[in-house]
Structures are given as structure tokens and as C-alpha cells.
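# Coordinate inspection notes
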Amino acid sequence: QVQLVESGGGLVQPGGSLKLSCAASGNIFSIYAMAWYRQVPGKQRELVASQHNNGITNYADSVKGRFTISRDNAKNTVYLQMNSLKPEDTAVYYCASYGDSDDYWGQGTQVTVSS
């Protein structure tokens, strides 16, 4: 019912910045929150940031102060601005939407932080 298309991943040097985008389409009326997750080899998927429709945001301690989640409702798009990137931020980043009955995931986009 909901399609999420991520973009913006790539290679960036430590200390650099990157902005991810996630465009939602379909039956988005039921979405009450959006989130970004990341997953690295050998580890479980980790919640990075989330934002409810009421504007309340939540961040993992590891990214607090460096990452910012935001949205543009007119474009049905959620963003993740990543600053002061570290090598340990390297992961596949996934966009997720949450509804009353259905949750959806994007395809993932690779972020690599390396010099």
C-alpha cells in the first residue's frame, strides 16, 4: 500500500555531510510516523531516528547532535541530514513508515564513510 524510495547515499569522508531522502507514495493516509534505520554486517538493524506526525523526534545516542530527521509534507518526503560523519556510521540506511496496521520499508541505500 505504501512505497518508499530512498536516495542520497554514497561515499563521504570522515567529518563530511550527507543528506538522505525518502519519498513516500500510495496510501499514505495511515502513516503516523517515519523513521530511519541502519544495518551493518554482523549487527542487528538499529533505529537511527524517528519522527511522529506530531513532530516529536527521537535519536539514537550514537547520532544525537549530528543527525537530523525532517520532512516535507508537500512532497511526501522525509530526510535524514547527517553531519560530522564517522567511519562507524557506515551502513545500509533504510527508511520506514508506520501505520495503524501496516509497516513498510524502503529498499535501503548504502552510506560509506571513509578517507
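Since the model is a prediction, treat every value here as computed from it, not as a measurement.

### Considering the environment of Asn53
- Inspection of the secondary structure puts Asn53 in the loop between strand E5 (46-52) and strand E6 (57-59).
- Sequence spacing of Asn53 and Asn73 is 20 residues, and the spatial spacing of their C-alpha atoms is 9.9 Å.
- With sequence-adjacent residues up to four places away left out, Asn53 is seen in contact with Ile31, Tyr32, Ala33 and Arg71.
- Within the structure, Asn53 has its side chain in polar contact with the backbone oxygen of Ile31 (distance 2.7 Å).

### Some details on the side chain of Thr109
- As for its position among the elements, Thr109 is in strand E11 (residues 109-113).
- Judged by relative accessible area, Thr109 falls into the buried class, the value being 11%.
- Excluding residues that lie within four positions of it along the chain, Thr109 makes contacts with Glu6, Gly9, Leu20, Ala91, Val92 and Tyr93.

### Some remarks on the packing of aromatic side chains
- In total, this model carries 1 aromatic pair according to the counting rule given.
- Sitting over the ring of Tyr79, Lys19 keeps its end group 4.6 Å from the ring centre.
- Just above the ring of Tyr94 sits the side chain of Arg45; from NZ or CZ to the centre is 4.0 Å.

What counts and how
- Each chain has its residues counted from 1, running along the sequence as written.
- With the structure being a predicted model, the display of local features is reserved for residues of pLDDT at least 70 and the display and counting of side-chain atom pairs for 80 or more, all residues being used for whole-chain, interface and lining totals.
- No hydrogens and no water enter the side-chain calculation; it runs on all heavy atoms of the structure.
- Where helices and strands are cited, they refer to DSSP runs of H or I of at least four residues and of E of at least two residues respectively, numbered from the N terminus.
- In this description, contact between two residues means that some pair of their heavy atoms is separated by no more than 4.5 Å.
- Two N or O atoms count as a polar contact when they lie within 3.5 Å, although within protein this holds only if one can serve as hydrogen donor and the other as acceptor, and sequence-adjacent residues are included solely when both atoms are side-chain atoms.
- A simple rule labels every residue: compare its accessible area, found with a 1.4 Å probe on the protein chains alone, to the largest value its type can have, and call it buried under 20%, exposed over 50%, or partly exposed in between.
- Two aromatic rings from Phe, Tyr or Trp, using only the six-membered ring of Trp, form a pair when their centres are within 6.5 Å; if the ring planes differ by under 30 degrees the pair is stacked, by over 60 it is edge-to-face, and anything between is tilted.
- Two conditions define a charge sitting above a ring: the NZ of Lys or the CZ of Arg must be within 6 Å of the ring centre, and it must be within 35 degrees of the ring normal.

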